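Listed below, chain by chain, are the residues.
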Amino acid sequence: MLKKYTQEYDKALTPRLVMEEASRCLLCLDAPCSAACPAKTDPAKFIRSVRFKNFKGAAETIRTNNPLGSICARVCPTERYCEKACSRCGIDAPINIGAIQRFVTDFEQACGMEILEAGTPNGKKVAIIGSGPAGLSAAAFLAQKGFAAEIFEKSEKAGGYLRYGIPEYRLPNSIVDYEIARIKKLGVKINTNCEIKSVAALSQKYDAVLIATGFSKGKNLAMFDGCKNVSTATEFLKEAKSKAGKIELPDNVLVIGGGDVAMDTVTTLRLLGVKHVTDVVYETFDEFRASRKELRTSQENNVSIIDGFKPVAVNGNEVSFQHRYTGAELKVKADIIILAIGQENELDKLSIPSEKGEVKAEGNRMGTSNIFFAGDIGHAEKTVVYAVGTAKQAAADIAEYLGGK
Ligand SMILES: Cc1cc2nc3c(=O)[nH]c(=O)nc-3n(C[C@H](O)[C@H](O)[C@H](O)COP(=O)(O)OP(=O)(O)OC[C@H]3O[C@@H](n4cnc5c(N)ncnc54)[C@H](O)[C@@H]3O)c2cc1C
Ligand code: SF4
């Protein structure tokens, strides 16, 4: 069972299939796929290179635009971005851009290519709080511009949700380690086990500060306060990933929630051998928030999904639900209950004002101060590629503010 969790669920395409897929590309001049990528990874350009068997050129395009290219190749919800915009949609099916990107970045890793280089030191120091995709990619962009980028991370290891959230079967930690090692080679310093409590103190010591602390905390529902055997999906996924799936689990688990995090939770439970996994979801199937792909994976793994019900009461290990439209009642008993109902930021701990989960500020800077922000806490979609995109923009704005190139 453990093997199922630790092996990548999506298999890589063979070189022949990659070439076939690239040959379907229409080489569009206006490249709608590239325009739709939040990190501007430029799929049209790297697919063109692949088509002409220039894999090195393809890797250079991906890496210079996106320092987390291998990770995005695996976890990006491409059906919402580049593949949704792909001109080929109007003919048959979009180009499988994620799979081509994975082939190119696997090739880059296998060949030991070193594409990014540190810039000439400019004497300016930038502190980055948080080592998720936003913090890591901002550090990579800044280091290439000659800034001394130093990351402060409260967890034991760097990576944020890349390491402690997205399950091993979708994103192996070996890939996260590989991407982080490359960023460190640019001279980026990462201090782990180092929780920052005062942004003001840091902003005096450094020329600029970037806050990239993400949505670190799983949400709870008041009715479950003090209940035994109840945890959040982020706590569960963190434990499963940090112990490489070697955790004790009962036979019968109830999950509440229907987004991508809920789908990761139910699939992880099944891959780890839990016999009965029931997922009760607030939305009905036509309102579902999880991506089709994640939903399909959970269904392939025989998760029972019951849609349209909201929890109304809990009594020990039994939760009562009511259907949102018909009023029908449902009771589910389980050994443990996992809440996958969203995440929230912890900006109050840093005394940073937030509204509806996002930093209360215009753009990506706190007024006229030297404090910037990026990733989930900003005004952006909560995805890895958006974290990279907002970090790229923040790094450019920090460079402009500090007078760098
Ligand atoms: C289970 C799960 C699955 C997901 N799957 C996908 C997916 O398939 N595709 C996708 O695109 N997105 C996915 N996401 C969303 C994606 O992971 C986030 O959008 C992304 O990680 C946000 O990046 P970030 O850098 O802003 O924050 P995070 O990744 O949350 O990183 C923030 C970091 O800051 C650290 N930190 C917080 N406060 C402090 C402090 N005071 N001092 C020091 N360090 C601090 C935290 O420990 C953490 O390491 C998923 C999220 C979850 C939870
Ligand atoms: S939009 Fe689709 S067909 Fe056009 S260049 Fe991009 S991947 Fe190729």
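Residues numbered from 1 in each chain as written. Chains lettered and ligands numbered in written order. Predicted model: local features only at pLDDT ≥ 70, side-chain atom pairs only at ≥ 80, totals over all residues. Heavy atoms only, no water.

1. Quick notes on the site of ligand 1
Taken together, 34 residues form the shell around ligand 1, and within it Val75, Glu153, Arg170, Asp376 and Val384 come nearest. At 2.6 Å from an oxygen atom of ligand 1 is found a side-chain nitrogen or oxygen belonging to Glu153. With respect to ligand 1, the backbone of Val384 contributes an N or O atom lying 2.8 Å from an oxygen atom. With the chains in place, 94% of the 1,000 Å² that ligand 1 exposes on its own is no longer accessible. (Near = heavy atom within 4 Å. Polar contact = N/O pair within 3.5 Å; in protein donor to acceptor, adjacent residues only side chain to side chain. Areas by Shrake-Rupley, 256 points an atom, 1.4 Å probe, with all protein chains shown as cover.)

2. Topic: the pattern of salt bridges
For the structure shown, the criterion picks out 28 salt bridges. Across the pair Lys189 and Glu150 runs a salt bridge, and its minimum N-O distance is 3.7 Å. Here Lys189 is found in strand β3 (residues 189–191), whereas its partner Glu150 is found in strand β2 (residues 148–152), with 39 residues between them in sequence. On the basis of relative accessibility, which here comes to 47%, the residue Lys189 falls in the partly exposed class. (Salt bridge = Lys/Arg side-chain N within 4 Å of Asp/Glu carboxyl O. Helix = DSSP H or I, 4+ residues; strand = E, 2+ residues; numbered from the N terminus. Buried < 20%, exposed > 50% of the residue type's maximum accessible area, 1.4 Å probe, protein only.)

3. Description of the domain arrangement of the chain
Per the domain assignment, the segments making up the chain are domain 1 (10–110), domain 2 (125–216 + 345–401) and domain 3 (218–343). For domain 1 and domain 3, the distance between their C-alpha centroids amounts to 33 Å. (Domains from an automatic or database assignment.)

4. As for the side chain of Arg74
As for its placement among the helices and strands, Arg74 is situated in helix α6 (residues 69–75). Residue Arg74 is classed as buried on the basis of its relative accessible area, which comes to 10%. Here the side chain of Arg74 touches Glu8 through a polar contact of 3.0 Å, side chain to side chain. Among the polar contacts made by the side chain of Arg74, one reaches the main-chain carbonyl oxygen of Ser70 at a distance of 3.1 Å. Setting aside residues up to four positions removed in sequence, Arg74 forms contacts with Glu8, Arg102, Asp106, Arg170, Leu171, Pro172 and Ile175. (Contact = heavy atoms within 4.5 Å.)

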